[in-house]
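# Remarks on the overall topology
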Amino acid sequence: MPRPDSAWPTLGLQPFVKLPVASQPIDSGKTNFGLLLLASFDLPAEFSVDFNAGIAGIGQSSGGYLAQAQAALGLARDVTKTLQLFSDSRSLRATSATGAAVSVSTPACSGRATPNVAFGTPRSSPARRPGPDWGLRSGVSVRFGR
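Keep in mind the model is a prediction, meaning the values are calculated, not measured.

## Some points on the overall build of the chain
Counting its secondary structure elements, the chain contains zero helices and ten strands. Taking contacts inside the chain between residues at least 6 apart in sequence as the whole, the part at least 24 apart equals 34%. Here the chain displays about 9800 Å² of accessible surface, and carbon together with sulfur accounts for 64% of that area.

## Details of the packing of aromatic side chains
In this structure the tally under the stated criterion is one aromatic pair. A centroid spacing of 5.4 Å and a plane angle of 55 degrees characterise the contact between phenylalanine 33 and tyrosine 65, whose relative ring orientation is tilted. Taken as a pair, phenylalanine 33 in strand β2 (residues 32-42) and tyrosine 65 in strand β4 (residues 65-78) lie far apart in primary sequence, 32 residues in all. For tyrosine 65, a relative accessible area of 43% translates into the label partly exposed.

Scoring rules and cut-offs
Residues numbered from 1 in each chain as written. Predicted model: local features only at pLDDT ≥ 70, side-chain atom pairs only at ≥ 80, totals over all residues. Heavy atoms only, no water. Helix = DSSP H or I, 4+ residues; strand = E, 2+ residues; numbered from the N terminus. Contact = heavy atoms within 4.5 Å. Areas by Shrake-Rupley, 256 points an atom, 1.4 Å probe, with all protein chains shown as cover. Phe/Tyr/Trp six-rings, centres within 6.5 Å; stacked < 30°, edge-to-face > 60°. Buried < 20%, exposed > 50% of the residue type's maximum accessible area, 1.4 Å probe, protein only.

This is the structure:
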């Protein structure tokens, strides 16, 4: 982690695996996986900017996997020691016959149960079509090694 007065971002790698937990047509029945590069920049007044980019293997119900490029840019501000408001915009592009891109805008809040455990509930809606009308997610993040 860079010094607090440094212009360097905090960097990280996030491998992920999504297990198939729903039946078709909601899920493909295959495991998805990927890797993201994360960069976080601290700004004045408790603001931060986060950039994520990576690639994922998306399982297809017809067989095989689809490579998907992902990128996201977000702005966040700590409201209290345990509450953060954030919004991000992400773009997903699949390497398929259509190669359709989906952009999603996400306003959300997250809370910290401890300095190393956070939970969040983002609501998403497409910035451009195609995409779902809206989505609601939730998650828990745990930081190790600090």
